[in-house]
Structure formats: C-alpha cells, structure tokens
Amino acid sequence: MRRFALVLALTALSAAPAFAQAFSGNWSCRDASTNRVGILTIYGEVYGWAARAMSDPASGTGTITAYEDGVGFNDGNLRGNGNIQAGRIINDPTYGFALQLETAEAIVMMCNPR
C-alpha cells in the first residue's frame, strides 16, 4: 500500500508542470453577453491582449504568474485598464476547458482555445 501511495504521489508531481502549461496559447474571449471581445495570447511569462474595439485601452502586453489552476496578471494594460486580476482554467463542455478571466468582484470574460 505504501508503494502504491508513493507511486501515485510521484506521478502527480511529475504531471504538475503539464497542468500548469495548459493555459499557453491563443484564446478567443467573450464577455457576459457572449459577444466576442478579443484574443488573449499567453506564452511563457507574458501575455498579449488584442481587443476587437479600436483604441481599447486594455489592448497591449504584460506579464503573468503561473498557478496550478490558471494565471495571475501582474501588470500591463489588461490588468491596469481592464482590472483583470486572474485567469482560471475551468471545465467547458464544448472545448474540454476554458480560461475564465476575473476581476476582484466578478467574472468578466470566458476564453476558449483557438
């Protein structure tokens, strides 16, 4: 029984980096009214946000901190002008998973992999 527990623990630890990288890539984002609002790109420790609206102050780049269940937005226009603090990976029936963008008060966008 101890060996089984040890193997299970080591397997879980070796898979942790793969779960942490699930947020990398391009995401198509929609707001609460399900309108497409922009594209979020995350690679390594940086992100880029391109809003559909011309001259949107949230468009730009910044840095992130990776967490087990998503990312934290450290700086940049999305954090400063959009007030987005975190992106959490959640289950999605259509795509398998989605990235939920949140402020301190509410969920403001849902992003699906592109």
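Everything here concerns the structure above.
Computed from a prediction, not measured in an experiment: that's the story for all the values here.

Caption draft 1: Inspection of the packing of aromatic side chains at higher detail. Evaluated as defined, the whole model comprises two aromatic pairs. Where Trp 27 meets Phe 97, the ring centres are 5.9 Å apart and the plane angle is 70°; that geometry is what we call edge-to-face. Note that Trp 27 is positioned in strand S1 (residues 25-30) and Phe 97 in strand S7 (residues 96-102), a separation of 70 residues in sequence. A residue is classified by how much of its surface remains accessible, and Trp 27, at 2% relative accessible area, is buried. Of the residues examined, Phe 97 reaches a relative accessible area of 29% and is grouped as partly exposed. Seen in terms of ring centroids, Tyr 47 and Phe 73 are 5.0 Å apart; in terms of plane orientation they differ by 85°. Their pairing is edge-to-face. Here Tyr 47 is found in strand S3 (residues 46-51), whereas its partner Phe 73 is found in strand S5 (residues 70-73), with 26 residues between them in sequence. One exposure class covers both Tyr 47 and Phe 73, and it is buried.

What counts, and at which threshold
- Residues numbered from 1 in each chain as written.
- Predicted model: local features only at pLDDT ≥ 70, side-chain atom pairs only at ≥ 80, totals over all residues.
- Heavy atoms only, no water.
- Phe/Tyr/Trp six-rings, centres within 6.5 Å; stacked < 30°, edge-to-face > 60°.
- Helix = DSSP H or I, 4+ residues; strand = E, 2+ residues; numbered from the N terminus.
- Buried < 20%, exposed > 50% of the residue type's maximum accessible area, 1.4 Å probe, protein only.

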